[in-house]
Every structure is written in structure tokens, then in C-alpha cells.
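# Secondary and tertiary structure notes
If you want the building blocks of each chain, they are given just below.
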Amino acid sequence: METEFITITEYCINYDIDPSFIISLEESGIIIFTIIGEEKFIHQEQFSELDRYIHLHYDLQINIEGIDAIRHLLQKVSQMQEEIRELNKKLHLHE
């Protein structure tokens, strides 16, 4: 059975990431860790999101503030797309 959580240390070792980057994401409120006992864990559902932030930071040289701004804008776009879908449904009901 595959575990749902991985420690920050294990994640950073496996993906060759600086732990301070992951901690900065948490301090900025971009990522939320699960605390079990004294240890902080990353839930597997956050892996794809975390991979995106790693790509933005290490490959595109975007800082934490930029990542937060991009995250916010992508959330707004997603909300707008959902609103458009809902409006289209309503429009088709009135045809």
C-alpha cells in the first residue's frame, strides 16, 4: 500500500530540492503541510501543485512572490471559466 504522506526531508532528497524553498512556500501560505507528531508532511495530493511551483522557481527563476501571484491569477481564471460554464448552461436552458 502506497503512503499518502512524505516528509519534507524525504521529498527534498528524492527531488533534489532545497528544503528552504519548500519552507518558504509554507511560510507564504502557498503550501499547507500536515503535521503528525513533531514532523511536517506533504500530502500526495499536493505533489502536482508542488511540482508546478518547483518548475516555476528552478526552471523559470520565479521567486516566491511571483509564484504566489501566478497561483492567484490561475485560481481567478479557473473561477471565471467555471462561471462561464454555468452561464452557458443557463443560456442553453432559455433557448
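Everything numeric in this text was worked out from a predicted model, so none of it was measured.

### So, the nonpolar core
Core analysis: the biggest nonpolar cluster contains 19 residues, and F21, I22, L25, I42, L50, Y53 and I67 have the highest contact counts within it. Listed by contribution, the elements that provide at least two residues to this core are α1 (8-15), α2 (19-27), α3 (47-59) and α4 (64-93). It is α3 that provides the largest number of residues to this core, a total of four residues. For I42, the residues in contact, after removing those within four places along its chain, are E4, F5, I6, I8, Y11, I22, F33, F47 and L50.

### Quick word on the confidence of the model for the protein
Should the pLDDT be low somewhere, the predicted coordinates at that spot are not to be read in detail. When pLDDT is averaged along the protein, the result is 92, and 98% of the positions lie at 70 or above. Per-element averaging of pLDDT across the protein places strand β2 (residues 34-36) at the bottom with 90 and α4 at the top with 95.

### Description of the packing of aromatic side chains
For the structure shown, the criterion picks out four aromatic pairs. Each ring, one from Y11 and one from F47, has its centre 5.6 Å from the other, and the planes form 40°; the classification is tilted. A residue pair is termed long-range when its members are at least 10 positions apart, and Y11 in helix α1 and F47 in helix α3 qualify at 36 residues. For Y11, a relative accessible area of 0% corresponds to the buried category. What makes F47 partly exposed here is its relative accessible area of 22%. What links up through ring pairs into an aromatic cluster is the set Y11, Y15 and F47.

### A few points about the sheet that holds β2
Ordered in space as β1-β3-β2, the three strands form an open sheet in which the pairing is antiparallel. Edge positions in the sheet fall to β1 (5-7) and β2, since each of these pairs with one other strand and no more. Across the sheet, the mean angle separating the axes of adjacent strands is 45° when strand polarity is ignored. Pairing of β1 with strand β3 (residues 39-43), which is carried by three bridges, proceeds in the antiparallel orientation. Each residue of the ladder has a partner; that of T7, found in β3, is F41.

The rules we used
- Residues numbered from 1 in each chain as written.
- Predicted model: local features only at pLDDT ≥ 70, side-chain atom pairs only at ≥ 80, totals over all residues.
- Heavy atoms only, no water.
- Core = buried A, V, L, I, M, F, W, Y, C linked by side-chain atoms within 4.5 Å.
- Buried < 20%, exposed > 50% of the residue type's maximum accessible area, 1.4 Å probe, protein only.
- Helix = DSSP H or I, 4+ residues; strand = E, 2+ residues; numbered from the N terminus.
- Contact = heavy atoms within 4.5 Å.
- pLDDT = per-residue confidence, 0-100.
- Phe/Tyr/Trp six-rings, centres within 6.5 Å; stacked < 30°, edge-to-face > 60°.
- Pairing = 2+ DSSP bridges.
- Axes fitted to C-alpha atoms, helices over the stretch in contact; angles between N-to-C directions.

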